[in-house]
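The residues making up each chain are set out below.
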Amino acid sequence: MVDHPSESVNHWLGVWEVNSLHACRAELGEGRRAWAETAMYALARAEAAGLDAIAANVRRFNLRAYLIDSLGSTRSPLLNPDALAIDILAALPVELENAAEWAADWRQRPHKQLLALRQCKNLLAPAEIIRSHLSETPTARTLDQWLALRAQLP
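Source: prediction; values computed, not measured.

(A) View of the packing of helix α5 (residues 96-104) against helix α6 (residues 111-130). Viewed as axis vectors pointing N to C, α5 and α6 meet at an angle of 115°, and their least axial separation amounts to 10 Å. One way to sum up the angle between α5 and α6 is to call them roughly perpendicular. The hand of the α5/α6 crossing is left-handed. For the pair formed by α5 and α6, the contact residues are Ala99, Trp102 and Ala103 on the first element and Gln113, Ala116 and Leu117 on the second. Looking at the contact of α5 with α6 residue by residue, the classes come out as 5 nonpolar, 1 polar and no charged.

Below, the structure written as structure tokens:
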């Protein structure tokens with residue numbers, strides 16, 4: 001029996017790619033939001049079909065950061081930099097203290113810890129884009145601590 005293509009991770013990633021590319025086309029102006037929302041839906045479906053949550057979040061957060069930087073911030077979840085910062089911090093697979101300890105000698109760490117540090121580095125990349133858009137909150141201060149550590153991550 002062959003699975004229906006709409007249940008396939010690859011099908012939904014294809015839908016994500018097309019829609020996220022349109023969401024990044026500056027000439028589409030405000031219409032980019034609709035493309036982005038459709039891309040986010042497709043990514044959620046890919047995740048439901050088996051896409052790793054970290055991989056999905058890296059894609060999700062990068063698109064949101066790009067749109068916030070290019071369209072400006074709003075209170076909508078898609079374009080709210082403070083909400084994105086909260087989402088990034090919630091997605092990190094390691095506590096800051098552990099990441100700092102592991103980063104000091106990452107070459108001697110087990111593969112599982114290296115992978116977690118690399119996931120942190122990838123998840124934090126969009127935070128650098130949105131940092132100037134954030135309100136001064138405890139979340140922003142925590143994000144600053146992570147961003148200071150990011151350069152030391154493998």
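From this point, things continue past the structure.
(B) Quick peek at the nonpolar core. Core analysis: the largest hydrophobic core is formed by 45 residues, its most contacted members being Leu63, Leu143 and Trp146. Listing elements by their share of this core, those giving two or more residues are α1 (9-23), α2 (32-48), α3 (53-71), α4 (81-91), α5, α6 and α7 (138-150). The contact partners of Leu143, leaving out residues within four places of it in the chain, are Ala85, Ile88, Leu89, Leu124, Ala127 and Leu134.

(C) A look at the packing of aromatic side chains. Inspection of every chain in the model, using the stated rule, returns 1 aromatic pair. Between Trp12 and Tyr41, the aromatic rings sit 5.8 Å apart at their centres with planes inclined by 85°, giving edge-to-face as the arrangement. You can see Trp12 sitting in helix α1 and its partner Tyr41 sitting in helix α2, a full 29 residues away along the chain.

(D) Geometry of the pattern of salt bridges. This model, assessed by the stated rule, comprises 9 salt bridges. With a shortest N-O distance of 2.9 Å, Glu30 and Arg33 are connected by a salt bridge. Between Glu101 and Arg109 there is a salt bridge; the shortest N-O distance is 3.8 Å. Look at Glu101 and you get partly exposed, because its relative accessible area is 48%. What makes Arg109 buried here is its relative accessible area of 19%. The network of salt bridges with common partners includes Glu101, Asp105 and Arg109.

Criteria and thresholds
- Residues numbered from 1 in each chain as written.
- Predicted model: local features only at pLDDT ≥ 70, side-chain atom pairs only at ≥ 80, totals over all residues.
- Heavy atoms only, no water.
- Axes fitted to C-alpha atoms, helices over the stretch in contact; angles between N-to-C directions.
- Helix = DSSP H or I, 4+ residues; strand = E, 2+ residues; numbered from the N terminus.
- Parallel < 35°, antiparallel > 145°, perpendicular 65-115°, else oblique.
- Left-handed = near helix turned anticlockwise from the far one by under 90°.
- Contact = heavy atoms within 4.5 Å.
- Nonpolar A, V, L, I, M, F, W, Y, C, P; charged D, E, K, R; others polar.
- Core = buried A, V, L, I, M, F, W, Y, C linked by side-chain atoms within 4.5 Å.
- Buried < 20%, exposed > 50% of the residue type's maximum accessible area, 1.4 Å probe, protein only.
- Phe/Tyr/Trp six-rings, centres within 6.5 Å; stacked < 30°, edge-to-face > 60°.
- Salt bridge = Lys/Arg side-chain N within 4 Å of Asp/Glu carboxyl O.

As far as function goes, none of this settles anything; it's purely spatial.
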